[in-house]
Amino acid sequence: SQTIHQWPATLVQPVGSPLSLECTVEGTSNPNLYWYRQAAGRGLQLLFYSVGIGQISSEVPQNLSASRPQDRQFILSSKKLLLSDSGFYLCAWAGGSTEAFFGQGTRLTVV
Amino acid sequence: AQTVTQSQPEMSVQEAETVTLSCTYDTSESDYYLFWYKQPPSRQMILVIRQEAYKQQNATENRFSVNFQKAAKSFSLKISDSQLGDAAMYFCARSPGGGAQKLVFGQGTRLTINP
């Protein structure tokens, strides 16, 4: 069966520090991969999605970037974090079926 | 922009009663999918139910059913026999029919179940 792993679960980082959140999927190949951000009490905002290795589409201009170095690995990065980058980040994948399956999420607090 | 709108930020219902959560969406596509996701306090996103736009029959999953009105671009979720475990944020979402399944979410409805 397919599983998705996202880490770390929580992260506290100072302003100006770099960021790297990792997401990996098991049990499937060539998945579509997504990064979403959820502000407190709000809906999910699509940040990036990828349909293949090295193929990244950005939905919202921001301080973040994404990379897909391997078929089932999706990384969210920042060179210098801002206070406004705080939030709950969710990785998701979608394959042959139409719904997306989500990781456990990362709660990022920038201080 | 193609949006999904949930007009009810909060809803509450008595245990064992029925509640309906509203969702409307905007799309120019004829083929697409609609979903309801549940997010409990753990914040794990859980798929509740999905509907293919080309199907006229409303989807049903046990106590959960939808009222899909394609012409009105409306997709409401009905929860019957509400249980305490149903308390969560509920998100309506839409994705295109083909290619990358780019899910667009509504702002969510917080559902409280009163014992």
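The following refers to the structure shown. (Residues numbered from 1 in each chain as written. Chains lettered and ligands numbered in written order. Predicted model: local features only at pLDDT ≥ 70, side-chain atom pairs only at ≥ 80, totals over all residues. Heavy atoms only, no water.)

Description of the interface of chain B and chain A
Then comes step 1: Contacts between the two partners involve 19 residues from chain B and, on the opposite side, 23 residues from chain A.
Then comes step 2: Summing the contributions of chain B and of chain A, the shared interface buries around 1,900 Å²; its carbon and sulfur component is 49%.
Then comes step 3: Seen at the junction of chain B and chain A, the total is one salt bridge.
Then comes step 4: Between R50 of chain B and E99 of chain A there is a salt bridge; the shortest N-O distance is 2.5 Å.
Then comes step 5: Run the count over chain B and chain A and you get eight residue pairs in polar contact (both at pLDDT 80 or more). (Contact = heavy atoms within 4.5 Å. Buried area = accessible area lost by both parts, 1.4 Å probe. Salt bridge = Lys/Arg side-chain N within 4 Å of Asp/Glu carboxyl O. Polar contact = N/O pair within 3.5 Å; in protein donor to acceptor, adjacent residues only side chain to side chain.)

A word on the nonpolar core
Then comes step 1: W36, F75, L77 and Y90 of chain B are the most contacted members of the largest nonpolar core, which totals 24 residues.
Then comes step 2: In this structure, L44, A92, A94 and A100 of chain A belong to the second largest nonpolar core, which totals 20 residues. (Core = buried A, V, L, I, M, F, W, Y, C linked by side-chain atoms within 4.5 Å. Buried < 20%, exposed > 50% of the residue type's maximum accessible area, 1.4 Å probe, protein only.)

Considering the sheet that holds strand β1 (residues 3–7) of chain A
Backbone-to-backbone hydrogen bonds pair the strands of a sheet. The strands run either parallel or antiparallel.
Residue and element names in this part refer to chain A.
Then comes step 1: Spatially, β1-β3-β8-β7 is the arrangement adopted by the four strands of the open sheet, whose pairing is antiparallel. Edge strands, defined here as strands with exactly one partner in the open sheet, are β1 and β7 (65–70). For this sheet, the mean angle separating the axes of adjacent strands, direction not counted, is 20 degrees. (Pairing = 2+ DSSP bridges. Helix = DSSP H or I, 4+ residues; strand = E, 2+ residues; numbered from the N terminus. Axes fitted to C-alpha atoms, helices over the stretch in contact; angles between N-to-C directions.)

Overview of the side chain of R43 of chain B
Then comes step 1: Mapped onto the secondary structure, R43 of chain B falls in the loop between β5 (32–39) and β6 (46–52).
Then comes step 2: We note that R43 of chain B is buried and unpaired, the nearest opposite charge coming from E10 of chain B at a distance of 14 Å.
Then comes step 3: Apart from the residues lying within four places of it in its own chain, the contact partners of R43 of chain B are Q38, F88, L90 and R107 of chain A. (Lys, Arg positive; Asp, Glu negative; His and termini not counted.)

So, the pattern of salt bridges
Then comes step 1: Evaluated as defined, the whole model comprises eight salt bridges over all chains.
Then comes step 2: Across the salt bridge formed by K73 of chain B and D26 of chain B, the nearest N and O atoms sit 4.0 Å from each other. With a gap of 47 residues between them, K73 of chain B in the loop between β8 (64–69) and β9 (74–79) and D26 of chain B in the loop between β4 (24–25) and β5 connect regions that are remote in the sequence.
Then comes step 3: The exposure class of K73 of chain B is partly exposed, given its relative accessible area of 27%.
Then comes step 4: Residue classification places D26 of chain B among the partly exposed positions, given a relative accessible area of 35%.
Then comes step 5: One salt bridge connects R94 of chain B with E29 of chain B, and the closest N-O pair in it is separated by 3.3 Å. One end of the pair, R94 of chain B, is in strand β10 (residues 88–96); the other, E29 of chain B, is in the loop between β4 and β5, and 65 residues separate them in sequence.
Then comes step 6: Accessibility expressed as a relative area gives 4% for R94 of chain B, which makes it buried.
Then comes step 7: Because the salt bridges share partners, they merge into one network encompassing E99 of chain A together with R50, E52 and K55 of chain B.

With respect to the state of the cysteines
Then comes step 1: Under the defined criterion, the tally for this structure stands at two disulfides over all chains.
Then comes step 2: The partner cysteine of C23 of chain A in its disulfide is C91 of chain A, sulfur to sulfur 2.0 Å. Here the S-S torsion is close to -75 degrees, and the disulfide linking C23 of chain A with C91 of chain A is therefore left-handed. Highlighted residues: C23 of chain A in strand β3 (residues 19–26) and C91 of chain A in strand β9 (residues 87–94), separated in sequence by 68 residues. In this pair, the class of C23 of chain A matches that of C91 of chain A, namely buried.
Then comes step 3: In this model, C23 of chain B is linked to C92 of chain B through a disulfide, with the two sulfur atoms separated by 2.0 Å. As the torsion about the S-S bond is roughly -70 degrees, the C23 of chain B-C92 of chain B disulfide counts as left-handed. Note that C23 of chain B is positioned in the loop between β3 (19–21) and β4 and C92 of chain B in strand β10, a separation of 69 residues in sequence. Assigned by exposure class, C23 of chain B and C92 of chain B land together as buried. (Disulfide = S-S within 2.5 Å.)

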